[in-house]
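Residue-level listing of the chains:
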Amino acid sequence: MDKIIPNRDEAYALLKKYNKNESLIRHALAVEATMLHFAELLKEDDKEKWGIVGLVHDLDYEQYPDQHCIKVREILLENNWPEDYIHAVESHGWGLCADIEPVERMEKVLYTIDELTGLITATALMRPSKSILDMEAKSVKKKWKDKGFAAGVNREVIEQGAKMLGMEIGMIIEEVIKGMRKVAEEIGLKGQL
Ligand SMILES: [Fe+2]
């Protein structure tokens, strides 16, 4: 079968097929929105591709947690997805669940922002408004230093990603918040606002 260029509807249908857990779907949507925001920020041409890779990056996690970042190749190949999309998804787990290094700028951004969306979500949910809409980067930076808070968020991965991108962490945090705000309602972070 010839490879397809997946569109957003196909990617979303695939996500829903493999993921039933609401918080995983929200995470996928948060990463998609952040990838779209960075594609815009960095003036990338293939914005849709950035979003799609973000949307499906954890596709295999719910059903194959022991083969996370591995099984996804088989699933995407069955669906005739092209190699560059597959490589991008695999490389987000570099050093964690895959030994495929992020090379493209899209891959480096995904690697950097994946864990960070988790820290930002946890920080927003701690706030009285439970909203990302009125949250500033400084709240997240404070929680960044508190290693006991959202301890599962691997700060070293984010630091390594920021180095790869040549971007300062504070700026990355600000931009991820902006990206996630665009889908605040869909990802459950509109809160009381
Ligand atoms: Fe993820």
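It should be noted that the structure appears before, not after, this text.
The structure displayed is predicted, hence computed values, not measured ones. (Residues numbered from 1 in each chain as written. Predicted model: local features only at pLDDT ≥ 70, side-chain atom pairs only at ≥ 80, totals over all residues. Heavy atoms only, no water.)

Draft legend 1. Here's a closer look at unusual backbone geometry. Notably, K130 is not glycine yet its phi reads approximately 50 degrees, a positive angle. Mapping K130 onto the fold places it in the loop between α6 (105–126) and α7 (137–145). Phi is positive for A150, which is not a glycine, with a value near 45 degrees. Relative to the helices and strands, A150 resides in the loop between α7 and α8 (155–165). Owing to a relative accessible area of 25%, A150 belongs among the partly exposed residues under this scheme. (Helix = DSSP H or I, 4+ residues; strand = E, 2+ residues; numbered from the N terminus. Buried < 20%, exposed > 50% of the residue type's maximum accessible area, 1.4 Å probe, protein only.)

Draft legend 2. Here's a closer look at the state of the cysteines. All told, the structure shown has one disulfide when counted by the stated rule. Through a disulfide, C69 is tied to C97; the S-S separation comes to 2.4 Å. With a gap of 28 residues between them, C69 in the loop between α3 (47–56) and α4 (71–78) and C97 in the loop between α5 (83–91) and α6 connect regions that are remote in the sequence. Given a relative accessible area of 25%, C97 falls into the partly exposed group. (Disulfide = S-S within 2.5 Å.)

Draft legend 3. Spotlight on the layout of surface pockets. Of the pockets and cavities examined, the largest pocket occupies roughly 570 Å³. Forming the boundary of the largest pocket are 26 residues, of which H27, D58, D114, T117 and G118 lie nearest the centre. Elements supplying a minimum of two residues to the lining of the largest pocket: α2 (22–41) and α6. If one sorts the elements of the lining of the largest pocket by residue count, α6 sits on top with seven residues. When grouped by side-chain class, the residues that make up the lining of the largest pocket number twelve nonpolar, ten polar and four charged. (1 Å grid on protein atoms, 1.4 Å probe; cavity = no way out; pocket = protein on both sides within 12 Å on 5 of 7 lines; lining within 4 Å. Points joined across faces, edges and corners; volume = space filled by probe spheres on them. Nonpolar A, V, L, I, M, F, W, Y, C, P; charged D, E, K, R; others polar.)

Draft legend 4. Layout of the coordination of the iron ion. Only H27 (NE2), H57 (NE2), D58 (OD) and D114 (OD) from the protein reach the iron ion as donors, at distances of 2.1 to 2.2 Å. If you look at the iron ion, its four donor atoms make angles of 82 to 174 degrees with each other, and the shape they trace is irregular. All donors of the iron ion come from a single chain, and their spacing in sequence reads H-x29-H-D-x55-D. Here H27, found in helix α2, pairs with D58, found in the loop between α3 and α4; they are 31 residues apart in sequence, far enough to count as distant. The same class applies to H27 and to D58, which are both buried. (Donors = N, O, S within 2.8 Å, 3.2 Å for Na, K, Ca; no water. Tetrahedral: all angles 85-135°; square planar, octahedral: opposite > 155°, others 65-115°.)

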